[in-house]
Number of protein chains: 2
Amino acid sequence: MRYPNGRKKTRYNNQLKQRKTNFGKRGMTLESEINETNLYYLETNRAVVHKKPTPVQIVQVDYPKRSAAVIREAYFKQASTTDYNGLYKGKYIDFEAKETRNRTSLPLANIHQHQVDHMKSVIEHDGICFLIIRFNHQGESYLLPAEHFLDFWNHQYDGGRKSVPLESIQSKGYKIPFSLQAKVDYLKVLDQVYL
Amino acid sequence: MRYPNGRKKTRYNNQLKQRKTNFGKRGMTLESEINETNLYYLETNRAVVHKKPTPVQIVQVDYPKRSAAVIREAYFKQASTTDYNGLYKGKYIDFEAKETRNRTSLPLANIHQHQVDHMKSVIEHDGICFLIIRFNHQGESYLLPAEHFLDFWNHQYDGGRKSVPLESIQSKGYKIPFSLQAKVDYLKVLDQVYL
């Protein structure tokens, strides 16, 4: 990670904390643990998985003399895919990570239609697609295959509930083990379930 | 594409033209043709391939009342992967797109070490990895398998040339056909070469 002009990342992070924004950054802890895990997988040559950058619509850029271009006006855009994808044992893998403070279910409002459409496409083209869901209160993370998630998503439109209950995630999904180096060791689950 | 607050995209594009920046936007024409092609592939359900968003380091964000958050200070970051990846016939595909005004070769200075490292990882993990190279003068695009590109890349460090000659791209690579709907119809080449 490079911080141009020697500025620190914390200024942005502090602002996020103060304002409690919801621009895809609520998942900071889970996100940073997954990023660390992916880096560990990459360095140990186990898998090639990256988070996609946050999509931003750039409107104005300044070009100061003798220093880096500065974006002066830009807006957050909605992602058209899930946040993570990559390659494991020759297979395309694709997932979305969500955490919730809710103790008993994951609200479907956390996921956007675009992301759901993307999951459907990935399944249709024989990719491996899933969600990583963290329940903050319990401190537990689950891998839920996208196929099961889509059942809940579709069911909400014919009178079903607007959330995925923890019990369903536990019965249809898989608890992700924690290790010091791979804090969200989802490849262990993939080995069991898909490969 | 959404333009928050009704602002038009052209302000940014015009600036780019005026300043001749090199923040990964030189490939605007090729990039937009590939994006169109990918959209066509997605809509006709042939493949799921997306361009990754430009990575940006966000430093300061304003939160005006009753309107969208505005990024007020941010910097372009170097990408740690190639620009495009996705899924075709159950296979992971990954590529970088480069265009050049040079008539006889693609300068290696156009590609960053990070991207080369990423290509190596993709090959090692059995993904399909390649470059799409457009020669603007001839108006022709080629698909060059990353394996061949890496030969040139490595050779530059033991006295080899600092560019990939067009003749080598023609002999080791494949001309990409053009069609009205798929302007850079690279899946045709993938079908022949890899699948």
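In this text the structure is predicted, and so the values were computed from the model without any measurement.

A. Structural detail: the overall build of chain A. Each helix and strand in chain A was counted, giving 6 helices and 10 strands. In chain A, which comprises 195 residues, the share counted as buried stands at 52%. The contacts of chain A with a sequence gap of at least 6 include a subset with a gap of at least 24, amounting to 63%. Split by element, the accessible area of chain A, about 9700 Å² in all, is 47% carbon and sulfur.

B. Representation of the sheet that holds strand S10 (residues 174-175) of chain A within the structure. All names here are of chain A. Overall, mixed pairing links the 6 strands, which are arranged S1-S4-S5-S7-S8-S10 in an open sheet. Whereas interior strands pair on both sides, the edge strands pair on one side only; in this sheet they are strand S1 (48-51) and S10. For strand S5 (residues 91-100) and strand S7 (residues 128-135), the ladder comprises 8 bridges, and the chain directions are parallel. Its bridge partner being in S7, Ile93 is matched across the sheet by Ile128. Strand contacts of helix H3 (residues 113-124): S5 and S7, with the helix running at about 150 degrees to S5, the strand carrying the most contacts. Along the sheet, helix H6 (residues 186-193) makes contact with S1, strand S4 (84-88), S5, S7, strand S8 (140-145) and S10, crossing S7 at roughly 135 degrees.

C. Quick look at the nonpolar core. Judged by nonpolar contacts, the single largest core of 46 residues is most densely connected at Phe149 and Ile169 of chain A together with Phe149 and Ile169 of chain B. With residues near it in sequence (within four places) discarded, Phe149 of chain B still touches Leu108, Ile111, Val116, Met119, Leu131, Leu144 and Val164 of chain B.

D. Geometry of the pattern of salt bridges. Residue and element names in this part refer to chain A. The tally for this structure, following the rule as stated, stands at 15 salt bridges over all chains. The closest approach of N and O atoms between Glu140 and Lys175, which form a salt bridge, is 3.1 Å. Of this pair, Glu140 sits in strand S8 while Lys175 is found in strand S10, placing the two residues 35 residues apart along the sequence. Given a relative accessible area of 23%, Glu140 falls into the partly exposed group. In this structure, Lys188 engages Asp185 in a salt bridge whose closest nitrogen and oxygen atoms are separated by 3.1 Å. When its relative accessible area of 44% is taken as the criterion, Lys188 is described as partly exposed. According to the relative accessible area criterion, Asp185 is buried, its value standing at 4%. Counted as one network, the salt bridges with shared partners bring together Arg46, Lys89 and Asp191.

E. Spotlight on the pairing of strand S3 (residues 70-76) of chain B. For S3 of chain B, the tally of buried residues reaches 6 of 7 residues, placing the bulk of the element in the interior. Pairing between strand S3 (residues 70-76) of chain A and S3 of chain B: 2 bridges, direction antiparallel. Considered in S3 of chain B, the bridge of Ala74 of chain A is made with Ile71 of chain B. Inspection of the sheet shows strand S2 (residues 56-62) of chain B paired to S3 of chain B by 6 bridges, in the antiparallel sense. Residue pairing for S3 of chain B: Asp62 of chain B is matched across the bridge by Val70 of chain B.

F. Representation of the sheet that holds S3 of chain B. The strand order across the open sheet formed by 4 strands is S2(A)-S3(A)-S3(B)-S2(B), and the pairing between neighbours is antiparallel. Looking at which strands have only one partner, the edges of the open sheet turn out to be strand S2 (56-62) of chain A together with S2 of chain B. The sheet shows a mean angle of 35 degrees between the axes of neighbouring strands, direction not considered.

Calculation criteria
- Residues numbered from 1 in each chain as written.
- Chains lettered and ligands numbered in written order.
- Predicted model: local features only at pLDDT ≥ 70, side-chain atom pairs only at ≥ 80, totals over all residues.
- Heavy atoms only, no water.
- Helix = DSSP H or I, 4+ residues; strand = E, 2+ residues; numbered from the N terminus.
- Buried < 20%, exposed > 50% of the residue type's maximum accessible area, 1.4 Å probe, protein only.
- Contact = heavy atoms within 4.5 Å.
- Areas by Shrake-Rupley, 256 points an atom, 1.4 Å probe, with all protein chains shown as cover.
- Pairing = 2+ DSSP bridges.
- Axes fitted to C-alpha atoms, helices over the stretch in contact; angles between N-to-C directions.
- Core = buried A, V, L, I, M, F, W, Y, C linked by side-chain atoms within 4.5 Å.
- Salt bridge = Lys/Arg side-chain N within 4 Å of Asp/Glu carboxyl O.

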